[in-house]
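Here is what each chain is made of, one letter per residue.
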Amino acid sequence: MTGSGLYIHIPFCRKKCDYCDFASIPMDPAADDNVGAGGRQPLHDYLVAINNELQSYPAFIPSTIFIGGGTPTILNPDELHKLMDIVEARGRVPLQIEFTIESNPGTVDAHKLKLLHYLGINRLSIGAQSFNDDELKILGRIHNSKQIINAFENARNAGFDNINIDLIFGIPGQTLGSLKETLDAAIKLNPEHISCYGLQIEEGTPFWGRYVGDAHDSVQTPHAASLSDDDLQYHMYKHTIDLLKSRGYHHYEISNFAKPGYECKHNINYWKNGDYLGIGASAASHIDGKRWENTTNIDEYICKCGSRTAFINPATARDGGTPKIEITETILMNLRLLEGIDLKEFENRFGASIHSLYGCQLGDLTLNGLVEIKSGLLRLTEKGLYLGNIVFESFV
């Protein structure tokens, strides 16, 4: 597995955001950052479990490391040291590899950011989502816009020279004007990377009940009118692309923009359908054409991995090794990148041209202006970038 990306999932938050459907659970607010086990016992047990899972695999040298969540920066200093011990015990961590941790501005201060940098983490992803305090309240975030700025400045002072800011567009009640203000505020901080995602309202989240209503009887809630319509969301997306490109950010993936040389290596490996090992509840892996996913149930994960003597790898295998699924997922991932699919590389890898496999679909998508082929590359058009889900469904 040497050369594979390593992902570690930390599924704990101060508070679960109202739009979030990731595998995560809120910590007891009374469990202070400075206490040990006690109210933080679930987190302590979880660290034991991820250590056991990681130890079950052969030692390897990762190409990138990404700690996501949840909110990994909910870990206190002792827990952060423990997490690094877990990573380093399984294999050498090269000094120069991209090593990312996700953070919430409400869970980091100057001391914690200095510790993260001291521990060898060199890329910080700040979950800002918006610089509008009203929109942050709607999303259920625990921080305000001032805390975003403080977190960013403290990160710079701690030595971070590779920082990403996550943003969301299409927030209920958001206007094109308020999105412009958020983008301007983010650009003013001068981060190396900006991710800007269109809001997806997922079933089972508070947002679903608040804005979508009961899908079975087609009854919508009174709040549904505050959702952005498709036309407004398109203009928000278009403005985001145009503005960030004009400020020197390379639009290299549907939702991601970077200054030259700061594209996220870990995520590019995903989009190129490379090898990666996922550790923790809900984490997915792809090694040598085989795919598996861990249980999303955090208690089940801790139970199965918590005791080394009773260790059972919680990974649930799915049919990811067949050529058809590998082809499909390669197309879906590669098309997220602005460079698209190298048709010659595709044919060499799978022994068949993409036209021979999906000729009809490609014809329809081209006719509708969603994809184009230029210089041997199949890629999304500007229209296709916004309507990517329609394109992807054609290959499933």
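In this text, all values refer to a predicted model and were calculated from it rather than measured experimentally.

### Focus on the packing of aromatic side chains
Each aromatic ring pair is specified by the distance between its two centres and by the angle formed by the two planes.
Then, in step 1: Evaluated as defined, the whole model comprises 13 aromatic pairs.
Then, in step 2: In this structure an aromatic cluster arises from ring pairing among F169, Y234, Y237 and Y386.

### What to know about the pattern of salt bridges
Then, in step 1: Considering all chains together, one arrives at 13 salt bridges under this definition.
Then, in step 2: Among the salt bridges present, the one from K238 reaches D242, with a minimum N-O distance of 2.7 Å. Taken together, the positions of K238 and D242, both in helix α8 (residues 230-246) and four residues apart, correspond to about one turn of that helix.
Then, in step 3: For D242, a relative accessible area of 37% corresponds to the partly exposed category.

### Details of the pairing of strand β8 (residues 193-198)
On a regular strand, one side chain projects to one face of the sheet and the next to the other, so that they alternate.
Then, in step 1: Examined bridge by bridge, strand β7 (residues 163-169) and β8 share six bridges and lie parallel to one another. Directly across from D166, in β8, lies its bridge partner S195.
Then, in step 2: In this fold, the crossover linking β7 to β8 by way of helix α6 (residues 176-189) has right-handed handedness.

### Topic: the layout of surface pockets
Then, in step 1: Quantified by volume, the second largest pocket comes out at close to 210 Å³.
Then, in step 2: Every element with two or more residues in the lining of the second largest pocket is listed here: α11 (323-334), β15 (341-342) and α12 (343-350).
Then, in step 3: Examining the composition of the lining of the second largest pocket, we find that four residues originate from one element, α12, more than from any other.
Then, in step 4: Residue composition of the lining of the second largest pocket, grouped by class: five nonpolar, three polar and five charged.

### Considering the sheet that holds β15
Then, in step 1: Pairing within the open sheet is antiparallel, and its three strands lie in the order β15-β17-β16. A single partner strand is all that each edge strand has here, and the edge strands are β15 and β16 (371-374).
Then, in step 2: Here two bridges tie β15 to strand β17 (residues 377-380), and the two strands are oriented antiparallel to one another. Following the sheet pairing, D342 is matched in β17 by L377.
Then, in step 3: The sheet contacts of helix α13 (residues 354-367) involve β15, β16 and β17, and relative to β16 the element is tilted by about 120 degrees.

### Here's the deal with the pairing of strand β9 (residues 250-253)
Then, in step 1: Bridge count between β9 and strand β10 (residues 256-258): three bridges; the pairing is antiparallel. Across the sheet, E253 pairs through a bridge with N256, a residue of β10.
Then, in step 2: Between β9 and β10, which pair antiparallel in sequence order, lie two residues.

Quick notes on the rules
- Residues numbered from 1 in each chain as written.
- Predicted model: local features only at pLDDT ≥ 70, side-chain atom pairs only at ≥ 80, totals over all residues.
- Heavy atoms only, no water.
- Phe/Tyr/Trp six-rings, centres within 6.5 Å; stacked < 30°, edge-to-face > 60°.
- Salt bridge = Lys/Arg side-chain N within 4 Å of Asp/Glu carboxyl O.
- Helix = DSSP H or I, 4+ residues; strand = E, 2+ residues; numbered from the N terminus.
- Buried < 20%, exposed > 50% of the residue type's maximum accessible area, 1.4 Å probe, protein only.
- Pairing = 2+ DSSP bridges.
- Right-handed = clockwise from strand over helix to strand, strands pointing away.
- 1 Å grid on protein atoms, 1.4 Å probe; cavity = no way out; pocket = protein on both sides within 12 Å on 5 of 7 lines; lining within 4 Å.
- Points joined across faces, edges and corners; volume = space filled by probe spheres on them.
- Nonpolar A, V, L, I, M, F, W, Y, C, P; charged D, E, K, R; others polar.
- Contact = heavy atoms within 4.5 Å.
- Axes fitted to C-alpha atoms, helices over the stretch in contact; angles between N-to-C directions.

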